[in-house]
Amino acid sequence: MGMGGISIWQLLIVLVIVLLLFGTKKLRNLGTDLGGAVKGFRSTMKDGASAEESSETEDEASQESLAESAEDADSGADKENAKV
């Protein structure tokens, strides 16, 4: 017994029927197209992850610069109050 009650002989018969119906050239093209689609999907997922990381670092940098500018404004206000 093979996978799910299907024997190896039944799988071979199905494979032969598929080859007769579609031919090796069409199956090769289908495999190439499917492989290209999977490769494109993986590269898109990697690009999305790297873009997400870069946006997180940009957000952190902008928050730090906002905090620094707020500190500068507070120190500037303190200097003006000291002069008065």
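In this report, we go over the structure that sits alongside the text. Quantities reported herein were computed from a predicted structural model and do not represent experimental measurements.

So, how was this worked out
- Residue numbers here run from 1 along each chain, matching the order of that chain's written sequence.
- Where totals are concerned, whole chains, interfaces and linings use all residues; where local detail is concerned, this predicted model gives features only for residues with pLDDT of at least 70, and gives and counts side-chain atom pairs only at 80 or more.
- Note: side-chain values were computed over all heavy atoms of the structure, leaving out hydrogens and water.
- Put simply, DSSP H or I for four residues or longer makes a helix, DSSP E for two residues or longer makes a strand, and each gets a number counted from the N terminus.
- The buried label applies to any residue whose accessible area, calculated with a 1.4 Å probe on protein chains only, is under 20% of its type's maximum; exposed applies above 50%, and partly exposed to all values in between.
- Calculation of accessible area relied on Shrake-Rupley with a 1.4 Å probe; when residues are assessed, cover is drawn exclusively from the protein chains displayed.
- Patches here: salt-bridge-free residues with over 30% relative accessible area, like charges joined within 9 Å, nonpolar side chains (Val, Leu, Ile, Met, Phe, Trp, Tyr) joined within 5 Å.
- A carboxyl oxygen of Asp or Glu within 4 Å of a side-chain nitrogen of Lys or Arg is what we treat as a salt bridge.

As for the overall build of the chain
Regarding its fold elements, the chain presents one helix and zero strands. A burial count over the chain gives 0% of its 84 residues as buried. Counting every atom, the chain has about 7600 Å² of accessible surface; 62% of that belongs to carbon and sulfur.

Side note on a nonpolar patch on the surface
Nonpolar side chains collect at one region of the surface, where I6, I8, W9, L11, L12, L15 and L19 lie side by side and expose about 670 Å² of accessible area between them. Along the chain, L15 turns up in helix 1 (residues 8-83). What makes L15 partly exposed here is its relative accessible area of 46%.

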